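# Coordinate inspection notes
Residue strings, one per chain:
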Amino acid sequence: MHTHSLKQLSALLQSKQVSATELATHYLNRIETSHLNAFTHVDRTLTLAQAAIADQRLAQGDVSALTGVPIAHKDIFVTRDWRSTAGSRMLENYVSPFNATVVELFNQAGTVTLGKLNCDEFAMGSGNENSYFGAVKNPWDITAVPGGSSGGSAAAIAARLAPAATGTDTGGSIRQPAAFCGVTGIKPTYGSVSRFGMIAFASSLDQGGPIAQTAEDCSWLLNTMTGFDEKDSTSVQRDKEDFSRDLNQDIKGLRIGVPREFFGEGLAKDVEQAVRAALAEYEKMGAILVDISLPKTELSIPVYYIIAPAEASSNLSRFDGVRYGHRAAEYKDLNDMYRKTRTEGFGDEVKRRILTGAYVLSHGYYDAYYLQAQKIRRLIAQDFQAAFEQCDVIMGPVAPTVAWDLGDKSDDPVANYLADIFTLSTSLAGLPGMSIPCGFGQGEKNSKRPVGLQIIGNYFAEAKLLNVAHQFQQATDWHTKAPE
Ligand code: GLN
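So, here is what we can say about the structure in this document. Being a predicted model, the structure only gives us computed values, none of them experimental.

### Digging into the overall build of the protein
Along the backbone of the protein there are 15 helices and 11 strands. Taking 484 residues into account, the globule formula puts the C-alpha radius of gyration at 23 Å, and the protein, at 21 Å, falls close to it. Projected onto the principal axes, the alpha-carbon positions of the protein cover approximately 65 × 55 × 50 Å. Within the protein, contacts between residues at least 6 apart in sequence are counted, and of these 76% link residues at least 24 apart. As displayed, the protein offers around 18200 Å² of accessible surface, 50% of which is attributable to carbon and sulfur atoms. Charge centroids of the protein, computed over 45 positive and 54 negative side chains, lie 2 Å from each other.

### What about the packing of helix α8 (residues 269-284) against helix α15 (residues 462-475)?
Close contact between α8 and α15 brings their axes to 11 Å; oriented N to C, the two are set at 95 degrees. As summarised for this structure, α8 and α15 are arranged roughly perpendicular, according to the angle between their axes. The residues of α15 that touch α8, namely those facing Ala 278, Glu 281 and Tyr 282, are Val 468, Ala 469, Phe 472 and Ala 475. Of the residues assigned to the contact of α8 with α15, the class counts are six nonpolar, no polar and one charged.

### Observations concerning helix α11 (residues 348-361)
Look at α11: 20 Å from first C-alpha to last across 14 residues, which is about the 20 Å you get at 1.5 Å a residue. Inspection of α11 places Glu 349, Val 350, Arg 353, Ile 354, Gly 357 and Val 360 among the buried residues, and these make up the whole buried set. Burial along α11 is one-sided: seen end-on, the buried residues are contained in an arc of 140 degrees. Looking at α11, the residues exposed on the side facing more than 90 degrees away from the buried face are Asp 348 and Leu 355. Turning to α11, the residues buried within the fold contact α9 (300-315), α10 (334-345), α12 (366-387) and α13 (413-418).

### Focus: the site of the ligand
Neighbouring residues of the ligand: 15 residues in total, closest Thr 170, Gly 171, Ser 173, Tyr 304 and Arg 353. Taking Gly 125, its main chain carries an N or O atom lying 2.9 Å from an oxygen atom of the ligand. Separating an oxygen atom of the ligand from a side-chain N or O atom of Tyr 304 is a distance of 2.6 Å. Isolated, the ligand exposes 290 Å² of accessible area, and the fraction of that covered by the protein chains is 99%. Grouping the constituent residues of the shell around the ligand by class yields five nonpolar, seven polar and three charged.

### Quick notes on the packing of aromatic side chains
Tallied over the full model, the rule gives 18 aromatic pairs. Considering the side-chain rings of Phe 180 and Trp 404, the 5.3 Å spacing of their centres and the 90 degrees angle between planes classify their relative orientation as edge-to-face. Taken as a pair, Phe 180 in helix α6 (residues 175-181) and Trp 404 in the loop between β9 (393-397) and α13 lie far apart in primary sequence, 224 residues in all. Judged by its relative accessible area of 1%, Phe 180 is buried. Between Phe 319 and Tyr 324, the aromatic rings sit 5.8 Å apart at their centres with planes inclined by 75 degrees, giving edge-to-face as the arrangement. With a relative accessible area of 2%, Phe 319 lands in the buried category. Feature note: the residues Tyr 94, Phe 122, Phe 319, Tyr 324 and Phe 346 constitute an aromatic cluster, connected by ring pairs. The lysine or arginine in question, Arg 238, covers the ring of Phe 460, its NZ or CZ lying 3.9 Å from the ring centre. The ring centre of Trp 404 lies 4.7 Å from the NZ or CZ of Lys 409, which sits over that ring.

### As for the side chain of Arg 175
Mapped onto the elements, Arg 175 comes out in helix α6. Within the local environment of Arg 175, its side chain forms a polar contact with the side chain of Asp 169, the two groups lying 2.9 Å apart. Side-chain polar atoms of Arg 175 contact the side chain of Thr 426, separated by 3.2 Å. Here Arg 175 is in contact with Asp 169, Lys 187, Val 398, Thr 423, Thr 426, Ser 427, Gly 433, Met 434, Ser 435 and Gln 454, once residues within four sequence places are set aside.

### Concerning the packing of α9 against α12
Viewed as axis vectors pointing N to C, α9 and α12 meet at an angle of 125 degrees, and their least axial separation amounts to 9 Å. In terms of orientation, α9 lies oblique with respect to α12. In this structure, α9 meets α12 at a crossing whose hand is left-handed. From α9, Ser 300, Val 303, Ile 306, Ile 307, Ala 310 and Glu 311 reach across to α12, where they touch Tyr 369, Tyr 370, Ala 373, Gln 374, Ile 376, Arg 377 and Ile 380. Residue composition of the contact of α9 with α12, by class: nine nonpolar, two polar and two charged.

### Some thoughts on the pairing of strand β11 (residues 449-456)
When you tally the buried positions in β11, you get eight out of eight residues, the bulk of the element. Relative to β11, β9 is paired through four bridges, and the arrangement is antiparallel. In the sheet register, Pro 397 faces β11, and the bridge partner there is Leu 453. For strand β10 (residues 433-441) and β11, the ladder comprises eight bridges, and the chain directions are antiparallel. The partner of Met 434 across the bridge, within β11, is Ile 455.

### Some details on a nonpolar patch on the surface
The grouping of Val 322, Leu 334 and Tyr 338 at the surface amounts to a nonpolar patch, some 260 Å² of accessible area in total. By the secondary structure assignment, Tyr 338 is in helix α10. On the accessibility criterion, Tyr 338 (30% relative accessible area) is partly exposed.

### A word on the environment of Ser 410
Secondary-structure assignment places Ser 410 in the loop between β9 and α13. Ser 410 sits 187 residues away from Asn 223 along the chain, and the two C-alpha atoms are 37 Å apart.

The rules behind each value
- Residues numbered from 1 in each chain as written.
- Predicted model: local features only at pLDDT ≥ 70, side-chain atom pairs only at ≥ 80, totals over all residues.
- Heavy atoms only, no water.
- Helix = DSSP H or I, 4+ residues; strand = E, 2+ residues; numbered from the N terminus.
- Rg over C-alpha atoms; globule rule 2.2 N^0.38 Å.
- Contact = heavy atoms within 4.5 Å.
- Areas by Shrake-Rupley, 256 points an atom, 1.4 Å probe, with all protein chains shown as cover.
- Lys, Arg positive; Asp, Glu negative; His and termini not counted.
- Charge placed at Lys NZ, Arg CZ, Asp CG, Glu CD.
- Axes fitted to C-alpha atoms, helices over the stretch in contact; angles between N-to-C directions.
- Parallel < 35°, antiparallel > 145°, perpendicular 65-115°, else oblique.
- Nonpolar A, V, L, I, M, F, W, Y, C, P; charged D, E, K, R; others polar.
- Expected span 1.5 Å × (residues − 1).
- Buried < 20%, exposed > 50% of the residue type's maximum accessible area, 1.4 Å probe, protein only.
- Arc of directions from axis to C-beta.
- Near = heavy atom within 4 Å.
- Polar contact = N/O pair within 3.5 Å; in protein donor to acceptor, adjacent residues only side chain to side chain.
- Phe/Tyr/Trp six-rings, centres within 6.5 Å; stacked < 30°, edge-to-face > 60°.
- Lys NZ or Arg CZ within 6 Å of the ring centre and 35° of its normal.
- Left-handed = near helix turned anticlockwise from the far one by under 90°.
- Pairing = 2+ DSSP bridges.
- Patch = residues over 30% accessible without salt bridge, like charges linked within 9 Å, V, L, I, M, F, W, Y side chains within 5 Å.
- Salt bridge = Lys/Arg side-chain N within 4 Å of Asp/Glu carboxyl O.

This is the structure:
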């Protein structure tokens, strides 16, 4: 049953061949015996209560396409019933008084929550090794990272512990773990998915999105999770759209921009081979490859690692031991309480970013770093607009290598940052981007590790991206492969 895609499960539910309770129980059993550390909180009673409601709705015919479908949420989305930790000791036992808008929308559609998914602390990381609750393992090779920060989400889909998951992407955190785990994920245009109740990392970049087995499944999930939300001031006012509407369109004549800068030095041979083979497959389907340039790709790393920490240092100031979350047990005075609370509550990477962020925002450095970064951010976005005059979508690798070994980069923040080179610019520009499985590499150890193809579109081109991805998935079977 767990090999089925969300779409197949939905059909089984609607035709009453399986009940929501049976499905939920099946996945809960799988989660219980899994050793990937993909979940931070599972509660059988809560899940089965939701499943019972879904079964009632199915019996009454009061349904959406997702009613009864199991889903798991990245532990960045707050939930009223499950704990909401953001992978941090700071929020170890935190229970939110409200649901994130995304969670609320899925609840209304009748999905059944399987639990909360492990992630890098406050979504800061590329390997899911920064979680207070321990690293997540890659189901393809448990000595490898699953990618980050939505590592729990991607690992759970790959290991078939859930047919659908939410993730968030600030600089690649949906696309890169999807690539490392051989699953499909999409980060929509900034502002499409409400950030209300998404624990904030870098507010001008954070964007929620789905991870699932197929592009078609992702289109269904996006249909539910997008939409204007008055509780999020950066939410975009647009008519509801059906992201599945273009899935079956022919892609003959589609112009695929292939950025030179994504295929230079530093791109591992095994990744390049798989991505080039995918591009060749697209040519067979009638697409045309266009050589393009995104000249400021390299600058996206320093720009992102100034802007994201700046916003993080501001967002994370709310964790002061007063309002909620962890508070040090002993302290001399108020300042000592703040200091001890934050010292104990945050992990190293989070502290590093708070320090960097406070520095680049401070008097005398603001102009030199933060303002300069904002200017280059604009130029990066303009590069994309110039590119989209020559092509309809852009394709390239998601990451320069396949998943690395657990522990390999955990003491080297810069090595982690460099691995984000191909995903950051899309986020800085606020564009939609996705990752679909397109083959396997060996890494350094001759093990089998998935490779992702990145597809980037212009603003609000999600339906097109999903169409382009779906056509590939009709012609190939990489997305059906699952680890043993
Ligand atoms: N790896 C990037 C970082 O550590 C992106 C994380 C994300 O998208 N949440 O900031």
